[in-house]
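Structure assessment
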Amino acid sequence: MKKMLIINGPNLNMLGQREPEVYGKETLDDLRKFTESMISGQAKLEWFQSNVEGELVNRIQKAVSEDFTALIINPGGYAHTSVAIHDALKILKIPVIEVHLSQVYKREEFRHTLLTAKAATAIMSGFGKQTYYIAINSQLQ
Ligand code: DQA
């Protein structure tokens, strides 16, 4: 059984209330339920969210000695700035898929630099609520 860690960074706990025209009206918990139902038991998913950069780094470091088969991460705004998250991702030996609900290249220029993505195996951006499902599905084989 595949086991994946899904990490969500800052402000993703505010989905539903946050810029619904960009991110949709569903909450992070709605997104989790949708994704779990699409996966229909084909993988065990563990979800983690923090607004704190160091807590995200700590969770990634903890995963180094756990038995996840892949890491899915939406670093939120830290995707554009965080050397620390980038460096932590580099330590992992499992596939890392960076996900973004929005199509970041269609948005402000400061979102076009994906610093953490340089440490990712693949990126997925712009599929809205389906984004996480597509990323996880790619790691089921
Ligand atoms: C985001 C895109 C980021 O630019 C933004 O800061 C977020 C969400 C996305 O999922 O589209 O917090 O990662």
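One can find the structure itself at the top, above this paragraph.
Residues numbered from 1 in each chain as written. Predicted model: local features only at pLDDT ≥ 70, side-chain atom pairs only at ≥ 80, totals over all residues. Heavy atoms only, no water.

Moving on: the site of the ligand. By nearness alone, every residue bordering the ligand is listed as Arg18, Tyr23, Asn74, Gly76, Gly77, His80, His100, Leu101, Ser102, Val104, Arg107 and Arg111. At 2.8 Å from an oxygen atom of the ligand is found a side-chain nitrogen or oxygen belonging to Asn74. Between the ligand and Ser102 there is a distance of 2.6 Å, counted from an oxygen atom to a side-chain nitrogen or oxygen. For the shell around the ligand, a count of residues per class yields 3 nonpolar, 6 polar and 3 charged. (Near = heavy atom within 4 Å. Polar contact = N/O pair within 3.5 Å; in protein donor to acceptor, adjacent residues only side chain to side chain. Nonpolar A, V, L, I, M, F, W, Y, C, P; charged D, E, K, R; others polar.)

As enumerated under the stated definition, the model contains 9 salt bridges in all. Among the salt bridges present, the one from Glu26 reaches Lys129, with a minimum N-O distance of 3.5 Å. Pair noted here: Glu26 is in the loop between α1 (20–23) and α2 (28–39) and Lys129 is in the loop between β5 (122–125) and α5 (131–137), with a separation of 103 residues, a long-range link. We note a salt bridge from Arg111 to Glu108, for which the minimum N-O separation is 2.7 Å. Accessibility expressed as a relative area gives 13% for Arg111, which makes it buried. Each of Glu46, Arg59, Lys62 and Glu66 takes part in one network of salt bridges that share partners. (Salt bridge = Lys/Arg side-chain N within 4 Å of Asp/Glu carboxyl O. Helix = DSSP H or I, 4+ residues; strand = E, 2+ residues; numbered from the N terminus. Buried < 20%, exposed > 50% of the residue type's maximum accessible area, 1.4 Å probe, protein only.)

As a further point, take the side chain of Asn8. With respect to the secondary-structure elements, Asn8 resides in strand β1 (residues 2–8). By relative accessible area, Asn8 is classed as buried at 0%. In this structure the side chain of Asn8 is engaged in a polar contact, spanning 2.5 Å, whose partner is the side chain of Tyr132. If we skip the residues at most four places from it in the chain, Asn8 touches Leu28, Trp47, Phe48, Gln49, Ser50, Leu56, Asn74 and Tyr132. (Contact = heavy atoms within 4.5 Å.)

In this structure, Glu19 takes a positive phi of about 35° despite not being glycine. Residue position: Glu19 is located in the loop between β1 and α1. The exposure class assigned to Glu19 is partly exposed, which follows from its relative accessible area of 34%. With a phi angle near 35°, Ser40 is a residue other than glycine that sits in the positive phi range. Checked against the element boundaries, Ser40 lands in the loop between α2 and β2 (43–49).

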